[in-house]
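Take a look at the letters that make up each chain.
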Amino acid sequence: MPALSSSPAWQALQAHSEDLRSSGFRIAEQFRDSNRFRDFSLRQGELLLDYSKNYCSPDTLTLLLDLAEQQGVSAAIAAMFAGEHINASEDRAALHTALRLPAAANPRPEVLACLNKMNDFVSAIHSGSWTGFDGQAITDVVNIGIGGSDLGPAMVTEALADFASGKLRLHFVSNIDPNHVQSTLKQLNPATTLFIIASKSFRTQETHANAQQARRWFLAHCNDESQIAKHFVAISTNLQAAQAFGIDPENLFPLWDWVGGRYSLWSAIGLSIALAIGMKNFQSLLAGAHAMDEHFRQAALQENMPVVLALLAVWYGGFLGARSNAVVPYAHRLREFPLFLQQLSMESLGKSVTSAGEPLDVASGDVIWGAEGSNGQHSFFQLLHQGSDLIPVDFIALARGNANADPVQHQQLLANCLSQSMALMQGRANSEQAHRHYAGNKPSNTLLLAELNPYNLGSLIALYEHKVYVQSVLWGINAFDQWGVELGKELSDSVMQAFVDSEAKQALDESSRGLIDQIAEWS
Ligand code: F6P
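Fair warning: this is a prediction, and the values are worked out from it, not measured in the lab.

Student: Which parts of the structure should I look at to understand the packing of helix α6 (residues 151-159) against helix α14 (residues 337-349)?
Tutor: In a packed pair of helices, the relevant descriptors are the angle between the two axes and the axis-to-axis distance. For the pair α6 and α14, the least separation of the axes is 9 Å and the interaxial angle reads 155°. Between α6 and α14, the crossing angle belongs to the class labelled roughly antiparallel. In this structure, α6 crosses over α14, and the sense of that crossing is left-handed. Note on element contacts: α14 touches α6 through F337, L339, F340 and Q343, opposite L151, G152 and M155.

Below, the structure written as structure tokens:
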């Protein structure tokens, strides 16, 4: 197999990108063909993807679809759903889609049993039949986890706050910085607090340290180990380690190795979400994701939202020099969405060898960043409009605000969103004053949701999950492992040792030794 950059489809795109550049291609001019919006938009349920404001012509899309065909995207989609071991380096399937299959069509009894267990648990907590050590009902839930065991649940819980049952306050503790757990514990009453230890491996240093702090804090108030069962539950594949921590086997929710950490909010890792919004809404989140799964599995490539998004991302990174992608939700409730996407995308696509172990000869995963609009307009948008880098933007907007939103103010929000993508595309020439010149021709997608509800959010997240997978297939890399994070974890053990053992310190580099000495002097 030739290297990707010398493959026929890649070469054709290379030549095409040079043609577009030399012809002075302008996105805004493409709208002279009045069907551009119709032809360059896709709808799935209550999600509309408008990709008409991209630096691409119909020919670009044809050539990108040729690349998809060359790289075997259709077969790769089928392989994922069939449970093939597409995570080759760990010899595992990536079957997060099985977590959101409707009950009647779900061949995995363990998934249904886990959902039933979650249902019983949520009912017991909400009804108050589950009580703490002194007989009071639970009022606060603290999810202790990090990465995929934190970002997804925290983002969804915040996004769907308007759907919260109102019975519980949710807290998320992730950082190993002791301030995070301490400042959270300070607000809580141990008699009415439930801790969820969310860790696929149950070996993650941060989660372990925070869980131990929580355990000590709890015992300092209650002083009865047997009461831990009423205040600590866990979700893990490592049932032994969870039990060793003191979790009652009854309070252990299972997870399976075919669920990747950053794809796990649909599993029992989403228990905090279910507690916040209730099981019915959690099921609706799963149903929305399943609808996107079905679209992804069945739609022709040119009508397939995740495929189109992935092709455009590969186009910008591979042929137009883009190295980052801004994601800007015009929704305060979605302000944590860019953080969630960072792990989903960068942990999946930050690779430079192919699944076959060969060096990848084109640029792969780009930097995902962003923040809520309209706030971003007053911080980083200057760089989008007049900076020297090409930074494609994904705008996310809600046609309807929540029930209490002032309709006129919501329209102002939407007007801000639409005007930014217009300004980026159109620009405004000023030959007199260079600093007032807007070059324009800057690409963006707009994802419009009818409203933010559990179902639509499920679809939106699944859309990006599948986009990331297709990008990985186009580049021939494995989206489901994350070996790059291991070295730092190992070295942190050596540094801990070096803090207390001068021989271990001598084995470190001079910069690290210097920093350790300064820390010692100041601490
Ligand atoms: O550091 C990377 C990582 O393994 C992520 O992939 C994962 O989501 C996170 O750590 C937390 O892992 P765990 O759920 O096993 O504690």
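Student: What is the right way to read the sheet that holds strand β10 (residues 393-398) from this model?
Tutor: The strands that make up a sheet are held in pairs by hydrogen bonds between backbone atoms, and each pair lies either parallel or antiparallel. Strand order in this open sheet of six strands is β1-β2-β11-β10-β8-β9, and the pairing throughout is mixed. Both outer strands of the open sheet, β1 (41-44) and β9 (367-369), are each paired with one neighbouring strand and no more. Within this sheet the neighbouring strands show an average axis-to-axis angle of 15°, counted without direction. Bridge analysis of strand β8 (residues 324-329) against β10 gives four bridges, and the strand direction is parallel. Counted as the bridge partner of V327 is D394 from β10. Along the sheet, helix α17 (residues 454-475) makes contact with β2 (47-50), β8, β10 and β11 (444-449), crossing β11 at roughly 150°.

Student: Help me understand the sheet that holds strand β7 (residues 252-254), please; the structure alone is not making it clear to me.
Tutor: Reading across from one edge, β4-β3-β5-β6-β7 is the order of the five strands in this open sheet, with parallel pairing throughout. The strands lining the two open edges of the sheet, one partner per strand, are β4 (169-173) and β7. Within the sheet, the average angular offset between the axes of one strand and its neighbour, ignoring direction, is 20°. Inspection of the sheet shows strand β6 (residues 232-236) paired to β7 by three bridges, in the parallel sense. Across the sheet, residue S236 finds its bridge partner in β7, namely P254. Strands in contact with helix α5 (residues 109-127) are β5 (193-198), β6 and β7; relative to β7, the strand with the most contacts, it is inclined by about 145°.

Student: Is there a simple way to explain the site of the ligand in this structure?
Tutor: Looking at the ligand, there are 14 residues lining it, with G148, S149, S199, S201 and T204 nearest. Residue K489 places a side-chain N or O atom 3.4 Å away from an oxygen atom belonging to the ligand. A total of 400 Å² of accessible area belongs to the ligand in isolation, and the protein chains cover 87% of it. Looking at the shell around the ligand, its residues break down into two nonpolar, nine polar and three charged.

Student: Looking at this model, I keep getting lost on the pairing of β10. Mind explaining?
Tutor: Every regular strand shows the same layout, with side chains that alternate between the two sheet faces. Counted residue by residue, β10 has six buried out of six residues, so it is predominantly covered. Here β10 shows a buried face lined by V393, F395 and A397 and a second buried face lined by D394, I396 and L398. The sheet contact formed by β10 and β11 spans six bridges and is parallel. Pairing of F395 across the sheet is with T446, part of β11.

Student: What is the right way to read the pattern of salt bridges from this model?
Tutor: Proximity of charged atoms lets side chains of opposite charge pair with each other. For the structure on display, the rule yields 17 salt bridges. Of the charged contacts, one joins D481 and K351 as a salt bridge, the two residues approaching to 2.9 Å between their closest N and O atoms. Linking D481 in the loop between α17 and α18 (486-500) with K351 in the loop between α14 and β9, this pair joins segments that are 130 residues apart in sequence. For D481, a relative accessible area of 7% corresponds to the buried category. Among the salt bridges present, the one from R400 reaches E451, with a minimum N-O distance of 3.3 Å.

Student: Just to check I follow, could you spell out the environment of Q482 for this structure?
Tutor: Its location among the elements puts Q482 in the loop between α17 and α18. Relative accessible area serves as the criterion here: at 24%, Q482 is assigned to the partly exposed category. The residues touching Q482, leaving out its near neighbours within four places in the chain, are E90, R262 and E347. A polar atom in the side chain of Q482 sits 2.6 Å from the side chain of R262.

Thresholds applied
Residues numbered from 1 in each chain as written. Predicted model: local features only at pLDDT ≥ 70, side-chain atom pairs only at ≥ 80, totals over all residues. Heavy atoms only, no water. Axes fitted to C-alpha atoms, helices over the stretch in contact; angles between N-to-C directions. Helix = DSSP H or I, 4+ residues; strand = E, 2+ residues; numbered from the N terminus. Parallel < 35°, antiparallel > 145°, perpendicular 65-115°, else oblique. Left-handed = near helix turned anticlockwise from the far one by under 90°. Contact = heavy atoms within 4.5 Å. Pairing = 2+ DSSP bridges. Near = heavy atom within 4 Å. Polar contact = N/O pair within 3.5 Å; in protein donor to acceptor, adjacent residues only side chain to side chain. Areas by Shrake-Rupley, 256 points an atom, 1.4 Å probe, with all protein chains shown as cover. Nonpolar A, V, L, I, M, F, W, Y, C, P; charged D, E, K, R; others polar. Buried < 20%, exposed > 50% of the residue type's maximum accessible area, 1.4 Å probe, protein only. Salt bridge = Lys/Arg side-chain N within 4 Å of Asp/Glu carboxyl O.

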